[in-house]
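Commentary on secondary and tertiary structure
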Amino acid sequence: MACGGTEQFRGEDRILGMPMRYGMGCVRAMTGPGWSATLVTNDCISERISVGGTVGDILGTRYLGAARLAVTAMGLGCMALSGLYGTPEESGSLRLLDRALELGCTFLDTSDAYGPFTNEKLLGRALAGRRDKVVLATKFGNVRRPDGSFLRVSGDPAYVPQACDASLQRLGVDYIDLYYLHRVDQQVPIEDTVGAMAELVTAGKVGHLALSEAAPETIRRAHAVYPITALQTEYSVWSREPEAEILPVVRELGIGFVAYAPVGRGFLAGRFSDPAELGATDIRRQHPRFQAGNLQSNAAVAARLRAIAEAREITPAQLALAWLLAQGDDIVPIPGTASIEHLEQNVASASVRLTATELASIADAFPPGVAAGDRYADMSLLNR
Ligand SMILES: NC(=O)c1ccc[n+]([C@@H]2O[C@H](COP(=O)([O-])OP(=O)(O)OC[C@H]3O[C@@H](n4cnc5c(N)ncnc54)[C@H](OP(=O)(O)O)[C@@H]3O)[C@@H](O)[C@H]2O)c1
């Protein structure tokens, strides 16, 4: 990467949802193989960085697991593009994925369960001819019927290679960078499932192994069979449960942590305040946190986040993401969005630096257990 000259600027603008106040700043023109960008910094006001021009690399790199799988500090959760939250027009989804790659947000998260199957196909179309530009993560084991309804959890060793081959075909690729067991099959010893997943690495179909929503003891047993590179679990200001046991275990074992639903499935971001605003088939209508009885108390939690964000002149989603990024270099949030504007705002949040005082006040305002209601209608599917 080559850096061009610098120049002074003055003025006020709002770029990627981030206010650039009046003041002096500097503009750095940067180029790299196949891209160019202009980073605008406003150092005298804050450490905020915004992207002007076509491409940015403001996310930087984080490394997952002892194998140090290099990923962007924030990924893109692709679930919202197919199925569970509705299905936007494909042309818009393809534009969103293009923009993610332009912005350097190249850690893409999908699953065979999203759609089901159509999300992987969408990514296959989006990535044709540029597979090498992304770190591709997908999942298996959360088995769905074609209409999307839940069928079973499967960690059956015989099913593992079948699921992987089907994902490879839908994605149109010959390897998956990070392959997750989406849900732990409580009927199959984790050693057997991970043993079958390890054979995929040997066969060159998968780069690294990962688990989703696994209990601490399961993580230990799985890691003893084959090195686990990442654990994916819900983690955000209002879902701080992983801090008690899960984060200490993955840190002890040198496993990376991928934080899903980092903006509270849109509720913390102010995307909706009542499930009635969502589409008729949107899965969030069934989530206990958005049901009468919990909704009012959780609205107060979202309002608390909004107030802190307003004081900082950023959006609530940006505050939620900046808080997560500040929890450790081993944590990689994967916010989901179908909106290019929201994607840009989320990427820009990587340049928000929260002070120790701000982090402490957020910790006070959002203690573990602050959200009312379970994360899922059926918590028995989670390995605890
Ligand atoms: N391993 C698992 O079991 C599991 C479970 C759930 C999710 N995931 C993964 O995690 C990813 C993220 O989770 P998620 O999508 O459930 O929750 P999320 O990222 O917390 O929230 C997504 C929602 O927030 C809204 N949003 C995002 N950025 C916003 C912004 N800047 N301003 C306003 N609204 C914003 C989106 O609406 P718009 O589309 O309008 O922006 C969308 O409705 C998924 O895509 C999936 O890859 C994994």
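Above this text is the structure in question.
Model, not experiment: these values are computed from the prediction.

Of all residues adjacent to the ligand, which total 32 residues, the nearest are Tyr85, Asp109, Arg271, Thr337 and His342. At 2.9 Å, a side-chain N or O of Ser212 approaches a nitrogen atom of the ligand. Ala338 is positioned with one of its backbone polar atoms (N or O) 2.8 Å from an oxygen atom of the ligand. When the free accessible area of the ligand is taken as 890 Å², the share hidden by the protein chains comes to 96%. Per-element tally for the shell around the ligand: the top contributor is helix 9 (residues 340–348), with three residues. Residue composition of the shell around the ligand, grouped by class: 14 nonpolar, 12 polar and six charged.

With the rule as written, the count across this model stands at 21 salt bridges. Notably, a salt bridge pairs Asp329 with Arg62, separated by 3.7 Å at the nearest N-O pair. With a gap of 267 residues between them, Asp329 in the loop between helix 8 (316–325) and strand 18 (331–333) and Arg62 in strand 7 (residues 61–64) connect regions that are remote in the sequence. Relative accessible area serves as the criterion here: at 12%, Arg62 is assigned to the buried category. One salt bridge in this structure joins Glu102 and Arg99, with 2.8 Å as the shortest N-O distance. With a gap of three residues between them, Glu102 and Arg99 both fall in helix 1 (residues 90–102), about one helical turn apart. Classification of Glu102 as partly exposed rests on a relative accessible area of 35%. Members of the salt-bridge network, linked through shared partners, are Glu213, Glu234, Arg265, Arg375 and Arg384.

With that settled, the discussion passes to the side chain of Ser154. Within the fold, Ser154 resides in the loop between strand 13 (150–153) and helix 3 (159–171). Within the structure, the side chain of Ser154 is placed 3.4 Å from the backbone nitrogen of Asp156, a separation counted as a polar contact. Ser154 has contacts with Phe140, Gly141, Val143, Tyr159, Leu181 and Asp185, leaving out every residue within four places of it along the chain.

About the thresholds
Residues numbered from 1 in each chain as written. Predicted model: local features only at pLDDT ≥ 70, side-chain atom pairs only at ≥ 80, totals over all residues. Heavy atoms only, no water. Near = heavy atom within 4 Å. Polar contact = N/O pair within 3.5 Å; in protein donor to acceptor, adjacent residues only side chain to side chain. Areas by Shrake-Rupley, 256 points an atom, 1.4 Å probe, with all protein chains shown as cover. Helix = DSSP H or I, 4+ residues; strand = E, 2+ residues; numbered from the N terminus. Nonpolar A, V, L, I, M, F, W, Y, C, P; charged D, E, K, R; others polar. Salt bridge = Lys/Arg side-chain N within 4 Å of Asp/Glu carboxyl O. Buried < 20%, exposed > 50% of the residue type's maximum accessible area, 1.4 Å probe, protein only. Contact = heavy atoms within 4.5 Å.

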